[in-house]
Amino acid sequence: MSSTLEKLSPWLFTLGIFVLWELVCRIFKVDTFVLPAPSQIFQAVGQYWLPLAKNAFVTLWTTLAGFALAVAFGIVLGIIVGWSRTIYRGLYPVMIGFNSIPKVAVVPILIIWFGIGIVPAVLTAFLISFFPIVVNVATGLASMEPELEDVLRALGAKKLDIMLKVGIPRTQPYLFGSLKVAITLAFVGAVMSETIGANSGLGHLMVQAGSNFQMPLVFACLLGLAVEGIVMYAVFAYVEAYFTGWAFRSSMSAAA
Amino acid sequence: MASMTGSVDINHVTLTYRSAGGGVLALRDTSLNVPRGEFAAVVGPSGCGKSSLMKIVTGLVPPDSGDIVIFGDRVRGPVKIAGMAFQNPNLLPWRKVIDNVLLPLEIVEPHRRKFRRERQHYRDEAEALLKTVGLDGFSQRFPWELSGGMQQRVSLCRALIHQPALLMLDEPFAALDAFTREELWCVLRDLWQKLGFTVILVTHDLREAAFLADNIHVMSARPGHIVMTKTVDLPRPRDLDICFEPHFTAIVHELRAKIAEVRKP
Ligand SMILES: Nc1ncnc2c1ncn2[C@@H]1O[C@H](COP(=O)(O)OP(=O)(O)O)[C@@H](O)[C@H]1O
Ligand SMILES: [Mg+2]
């Protein structure tokens with residue numbers, strides 16, 4: 001009984017918020033131009049579903065392309081950084097410095113280099129999302145129990161053996177944990193770049209709708225972004241739980 | 001190939017840890033001899049350099065001066081034959097118990113080369129070893145499904161699966177409750193009597209040392225060196241009841257007095 005209620009509660013709350021929103025708009029007669037009511041937004045979704053779907057798809061694959069680059073690059077750099085303490089010490093400040101540059105500032109440069117289009121969006125998604133992957137992979141490697149390393153070294157294990165048998169497998173939960181953060185960031189990066197300069201994508205559609213004063217469509221785009229973001233997060237949260245069950249269970253019984 | 005006789009010889013070893021704040025002299029002119037097949041225990045106050053001694057013997061850390069000879073071979077880098085176990089079982093949580101036990105065979109030659117081909121043979125050996133430590137039927141479990149004492153048994157199996165000539169144990173039972181600890185003393189005693197390897201056991205539990213060891217080496221406070229070697233002349237095989245005999249108690253008292261003496265600044 002209470003468990004079904006618990007399962008339904010996210011949906012109930014979402015529905016409740018929309019209802020409240022609708023009521024506020026009707027009771028206080030809020031101007032559509034300030035805040036369109038959900039009914040108007042859904043109407044816009046119905047009316048413009050084709051451009052919405054097309055652009056949502058562009059945003060989706062731009063995000064995924066940037067994210068894929070970030071995963072590949074992040075894992076490689078993470079392993080390099082986590083491989084030795086010297087590299088870790090040397091590269092870490094450089095990466096912190098790079099990461100603290102607001103990526104909004106980089107988008108115009110990317111547009112100058114690659115022109116208006118999807119390339120800057122993919123690259124922004126990549127640049128904004130690789131950092132947590134690198135940090136997590138490197139942390140997973142660097143936090144290996146020194147005694148376990150001793151056990152293996154006293155068997156004649158080389159650094160590569162230790163990495164393959166222990167280091168890389170044990171970074172798995174760190175890696176998968178970082179993916180759900182990274183996908184969200186990649187999404188933010190892609191949309192940000194689309195709003196600054198692109199000719200497709202939900203971010204682009206939103207800016208266009210805004211300049212035509214089509215507020216319901218602007219909000220329809222926002223709705224689309226929210227749905228897309230939630231789905232991508234949920235997928236990677238599931239992937240994390242699926243592949244790293246042992247990490248959760250073993251940490252729960254660590255005190256054994 | 002090492003000769004069948006010989007011993008573990010630690011000759012006048014000194015070790016300093018260098019760090020930004022200056023050096024820490026961990027071991028000073030430490031000498032120790034453990035004949036092949038002997039069960040040796042090293043006891044001493046916390047921080048006296050016992051773990052450092054283990055690292056030196058296994059070649060994981062080079063000494064500043066002095067040398068280590070294991071069964072005739074001088075140690076020049078990480079030795080390739082030692083089994084080690086620590087206070088923390090350090091099992092790999094993504095591997096089943098049996099795959100944790102088999103880990104050394106994926107690394108040590110000549111097993112490493114044959115590992116894929118003779119997988120079944122090795123698995124049978126691991127199962128047999130698990131059985132001797134009382135873990136019959138647990139091989140397909142994951143480490144987190146096991147109690148601390150059982151995990152430590154797995155850790156012992158992992159240290160022994162490649163039949164090392166030398167087993168190094170660094171306070172392996174320190175985190176266990178008293179009953180489990182005594183159970184594991186017996187497990188270790190039986191393994192040692194059956195397989196006949198050489199053991200160096202670091203512990204701060206004097207009863208543990210007296211129950212298990214042939215010779216007990218007492219270390220001074222840092223910088224550590226051996227201040228006394230006590231031969232335990234209790235007959236074997238030893239039973240837990242021996243811990244209540246006056247002679248056993250006398251040995252423990254003597255060790256205790258020595259450690260109290262060396263702990264004074
Ligand atoms: N990697 C290290 N770097 C610097 N100092 C260390 C290191 N390892 C141990 N020490 C110091 O060396 C001394 C002996 O340590 P250890 O061998 O671990 O003692 P024990 O195992 O007897 O408790 C301690 O004072 C410890 O602080
Ligand atoms: Mg220690």
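Because the structure is a prediction, the values reported are computed rather than measured.

Engineer: Whenever I open this one, the pattern of salt bridges confuses me. Can you help?
Structural biologist: Note that side chains of opposite charge can pair when their charged atoms are close. Scanning the model with the defined rule gives 17 salt bridges over all chains in all. Between R170 of chain A and E145 of chain A there is a salt bridge; the shortest N-O distance is 3.5 Å. With R170 of chain A in helix α8 (residues 159-196) and E145 of chain A in the loop between α6 (118-142) and α7 (146-153), this pair connects stretches of sequence that are 25 residues apart. The exposure class assigned to E145 of chain A is partly exposed, which follows from its relative accessible area of 31%. Between D205 of chain B and R181 of chain B there is a salt bridge; the shortest N-O distance is 3.4 Å.

Engineer: Would you explain the environment of V122 of chain A in this entry?
Structural biologist: When you line up the elements, V122 of chain A lands in helix α6. For the pair V122 of chain A and F187 of chain A, spaced 65 residues apart in sequence, the C-alpha separation works out to 9.6 Å.

Engineer: Explain the packing of α6 of chain A against α8 of chain A to me, please; I cannot follow it from the model alone.
Structural biologist: All names here are of chain A. The N-to-C vectors of α6 and α8 enclose an angle of 155 degrees; their axes lie 6 Å apart at closest approach. By the angle between their axes, α6 is roughly antiparallel relative to α8. α8 is crossed by α6, and the crossing has right-handed handedness. In terms of residue class, the contact of α6 with α8 is made up of 19 nonpolar, eleven polar and two charged.

Engineer: What is the right way to look at the interface of chain B and chain A in this model?
Structural biologist: By convention, interface size is frequently given as the accessible area that disappears when the constituent parts associate. Each partner contributes residues to the interface: chain B has 29 residues there, and chain A has 22 residues. The junction of chain B with chain A conceals about 2,300 Å² of combined surface from both sides, 67% of it contributed by carbon and sulfur atoms. Summed over the three residues of chain B that lose the most area to chain A, namely W94, I107 and W144 of chain B, the buried surface amounts to 31% of that side. The interface formed by chain B and chain A holds three salt bridges in total. Of the residues that constitute the side of chain B that touches chain A, the class distribution is 16 nonpolar, seven polar and six charged.

Engineer: Hey, could you run me through the site of ligand 1 in this one?
Structural biologist: Residues and elements named next belong to chain B. Within the structure, ligand 1 sits among Y17, A26, S46, G47, C48, G49, K50, S51, S52 and R222. One of the backbone N or O atoms of C48 is found 3.2 Å from an oxygen atom in ligand 1. Notes on ligand 1: free accessible area 560 Å², of which the protein chains cover 63%. Of all the elements, helix α1 (residues 50-57) adds the most residues to the shell around ligand 1, at three residues. Split by residue class, the shell around ligand 1 holds three nonpolar, five polar and two charged.

Engineer: Explain a negative patch on the surface here, please?
Structural biologist: All names here are of chain B. Together, D124, E125, E127 and D136 give the surface a local cluster of negative charge. With respect to the helices, strands and loops of the structure, D124 is situated in helix α4 (residues 119-132). We classify D124 as partly exposed; its relative accessible area is 42%.

What counts as what
- Residues numbered from 1 in each chain as written.
- Chains lettered and ligands numbered in written order.
- Predicted model: local features only at pLDDT ≥ 70, side-chain atom pairs only at ≥ 80, totals over all residues.
- Heavy atoms only, no water.
- Salt bridge = Lys/Arg side-chain N within 4 Å of Asp/Glu carboxyl O.
- Helix = DSSP H or I, 4+ residues; strand = E, 2+ residues; numbered from the N terminus.
- Buried < 20%, exposed > 50% of the residue type's maximum accessible area, 1.4 Å probe, protein only.
- Axes fitted to C-alpha atoms, helices over the stretch in contact; angles between N-to-C directions.
- Parallel < 35°, antiparallel > 145°, perpendicular 65-115°, else oblique.
- Left-handed = near helix turned anticlockwise from the far one by under 90°.
- Nonpolar A, V, L, I, M, F, W, Y, C, P; charged D, E, K, R; others polar.
- Contact = heavy atoms within 4.5 Å.
- Buried area = accessible area lost by both parts, 1.4 Å probe.
- Near = heavy atom within 4 Å.
- Polar contact = N/O pair within 3.5 Å; in protein donor to acceptor, adjacent residues only side chain to side chain.
- Areas by Shrake-Rupley, 256 points an atom, 1.4 Å probe, with all protein chains shown as cover.
- Patch = residues over 30% accessible without salt bridge, like charges linked within 9 Å, V, L, I, M, F, W, Y side chains within 5 Å.
- Lys, Arg positive; Asp, Glu negative; His and termini not counted.
- Charge placed at Lys NZ, Arg CZ, Asp CG, Glu CD.

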